[in-house]
Amino acid sequence: MADQDARNGEDKRPTEIPALRWEEPPEGPVLLLLDQTRLPAEEVELVCTDAPALVEAIRSLAVRGAPLLGIAGAYGVALAAARGFDVAEAAEALAGARPTAVNLAGGVRRAQTAHQGALARTGDTRLAAAAALDAARALHREDTEASARMAAHGLALLDELLPAGGHRVLTHCNTGSLVSGGEGTAFAVALAAHRAGRLRRLWVDETRPLLQGARLTAYEAARNDMPYTLLTDNAAGSLFAAGEVDAVLIGADRIAADGSVANKVGSYPLAVLARYHHVPFIVVAPVTTVDPDTPDGASVEVEQRPGYEVTEVTAPQVPVTGAGGGIPVAPLGTQAYNPAFDLTPPELVTAIVTEEGAVSPVTAEALAELCARSRQVTIS
């Protein structure tokens, strides 16, 4: 029956739920979020009617990923404006919900600036709310377009670095459509390689402690019929030693002016392994993730997550007894070190791929030129 459906051109896979969408039911506008903490067991949407609800969704990682956080922040400002809440207060709360992700504050500022400008010009709160929503929608569209361009630039770079084809790519955390208005950042490059028939294997780090790789990247790879294999984070070294990795593809939550990359904790060890084994280490992120106001990696504020994310585990439909809502796996009172991100210095990064092209070698001058070029394109 499945073969017949395929011959008829019908896709019987479940319809994909967007990671984020704006709706306007009769009772007032809402922001709907695919709850990523429930994946892959359940596809459930959260309904946010105000900024505090969205802040909680961001902190709990129900919505996550640098580009999507920027979009969510912009829509959060629009939501506060449309429902008559204090926009400045909402913007401040949203911008500080996850300090490392520069896109979040950037999206908030963009919508807030549009709101303030319209309010100053017209004095009409409805027109100001509409301006904030227009700004959020514009950012959403731009991210969708940027995702497609990053995928094309990234695939071209892979083919240049690995002319033999049959790419075996290792990725960390989750960088697909769950973090973007489009098909993602690093994952979008792997997906483009798959569609071109040039992806031999996607190696998926499970990404402890919250398993974004196991729960989310594997979920997206399966839905796209990609050849993928899941591994524990500490198995990556043996995979490199066996010669099974041709390239590493990761995303970024913030890229400092000098090219230092803040990404999900566990990225830096992969960069060290890649350098030792002469494997390209490629970062894929939109230009909005480059923060010229952060001079270097030491200046990046790294978010510290709750210790219970390390001392407890969660599993769908299993009784929980821990303080954080999980199953304790460490003795009561155990202290945990749980940074959300680590920093990879630019000398370990082979290339940074953006929608405006790739930077290699990664230097402060090359990044500044890329950002200036991007601003010119946006203005024109």
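Conventions used here
Residues numbered from 1 in each chain as written. Predicted model: local features only at pLDDT ≥ 70, side-chain atom pairs only at ≥ 80, totals over all residues. Heavy atoms only, no water. UniProt positions renumbered as here; feature names shortened; annotations may be inferred. Phe/Tyr/Trp six-rings, centres within 6.5 Å; stacked < 30°, edge-to-face > 60°. Helix = DSSP H or I, 4+ residues; strand = E, 2+ residues; numbered from the N terminus. Lys NZ or Arg CZ within 6 Å of the ring centre and 35° of its normal. Pairing = 2+ DSSP bridges. Axes fitted to C-alpha atoms, helices over the stretch in contact; angles between N-to-C directions. Domains from an automatic or database assignment. Contact = heavy atoms within 4.5 Å. Buried area = accessible area lost by both parts, 1.4 Å probe. Buried < 20%, exposed > 50% of the residue type's maximum accessible area, 1.4 Å probe, protein only. Right-handed = clockwise from strand over helix to strand, strands pointing away.

Labelled according to an unreviewed UniProt entry, the protein chain appears under the name Methylthioribose-1-phosphate isomerase, originating from Streptomyces mutabilis. Its UniProt record, at the heading Function (unreviewed entry), says of the protein chain: "Catalyzes the interconversion of methylthioribose-1-phosphate (MTR-1-P) into methylthioribulose-1-phosphate (MTRu-1-P)."

Participant: Pulling in residues and values, what's your account of the packing of aromatic side chains?
Facilitator: Across all of its chains, the model carries one aromatic pair by this definition. Summarising the aromatic geometry, the rings of Trp-22 and Tyr-75 are spaced 5.8 Å apart at their centres and angled 25 degrees between planes, so their arrangement reads as stacked. With Trp-22 in strand β1 (residues 20-23) and Tyr-75 in helix α3 (residues 66-82), this residue pair connects regions lying 53 residues apart in the sequence. The lysine or arginine in question, Lys-264, covers the ring of Phe-341, its NZ or CZ lying 5.0 Å from the ring centre.

Participant: So what's going on with the sheet that holds β1? Which residues, and what values?
Facilitator: Spatially, β1-β2-β3 is the arrangement adopted by the three strands of the open sheet, whose pairing is antiparallel. In this open sheet, the two strands that pair with only one neighbour each are β1 and β3 (45-48). Strand after strand, the sheet turns through a mean of 25 degrees between neighbouring axes, direction not considered. Across four bridges, β1 lies against strand β2 (residues 30-34) in antiparallel orientation. By the bridge assignment for β2, Arg-21 is matched with Leu-32.

Participant: Go over the domain arrangement of the protein chain, please, and point to the residues and values.
Facilitator: Domain assignment breaks the protein chain into domain 1 (20-143) and domain 2 (147-378). The C-alpha-based centres of domain 1 and domain 2 are spaced at 25 Å. The interface is formed by 23 residues belonging to domain 1 together with 32 residues belonging to domain 2. Across the interface of domain 1 and domain 2, roughly 2,300 Å² is buried in total on both sides, 51% from carbon and sulfur atoms.

Participant: Lay out the pairing of strand β4 (residues 167-171) in plain terms, naming residues and giving numbers.
Facilitator: Summarising burial for β4: five of the five residues are buried, a large majority. Covered by surrounding structure in β4 are His-167, Val-169 and Thr-171 together with Arg-168 and Leu-170, the residues of both alternating faces. For the crossover that starts at β4, traverses helix α7 (residues 186-195) and ends in the parallel strand β5 (residues 199-205), the hand is right-handed. Relative to strand β7 (residues 247-250), β4 is paired through three bridges, and the arrangement is parallel. Paired with Thr-171 across the two strands is Leu-249, which belongs to β7.

Participant: So what about the UniProt feature "site: Transition state stabilizer" (unreviewed entry) in the protein chain? Which residues, and what values?
Facilitator: Per the UniProt annotation, the sites labelled "site: Transition state stabilizer" (unreviewed entry) are Cys-173. If you trace the backbone, Cys-173 turns up in the loop between β4 and α7. What makes Cys-173 buried here is its relative accessible area of 8%. Excluding its chain neighbours within four sequence positions, the residues that come into contact with Cys-173 are Arg-64, Thr-207, Gln-212, Gly-213, Thr-217 and Lys-264.

Participant: Can you lay out unusual backbone geometry for me, pointing to particular residues and giving the numbers?
Facilitator: Across the junction of Arg-208 and Pro-209, the peptide omega takes the value 5 degrees, indicating a cis bond. Following the sequence through the fold, Pro-209 ends up in the loop between β5 and α8 (212-223). Here the bond from Ser-360 into Pro-361 is cis, since omega is 0 degrees, no more than 30 degrees from zero. Summarising the element assignment, Pro-361 is placed in the loop between β16 (357-359) and α12 (364-379). The phi dihedral of Asp-225 falls on the positive side, at around 55 degrees, and the residue is not glycine. Not every positive phi belongs to a glycine, and His-278 is a case in point at roughly 60 degrees. Its place among the elements puts His-278 in the loop between α10 (267-276) and β10 (281-284). Overall, His-278 belongs to the exposed group, its relative accessible area being 71%.

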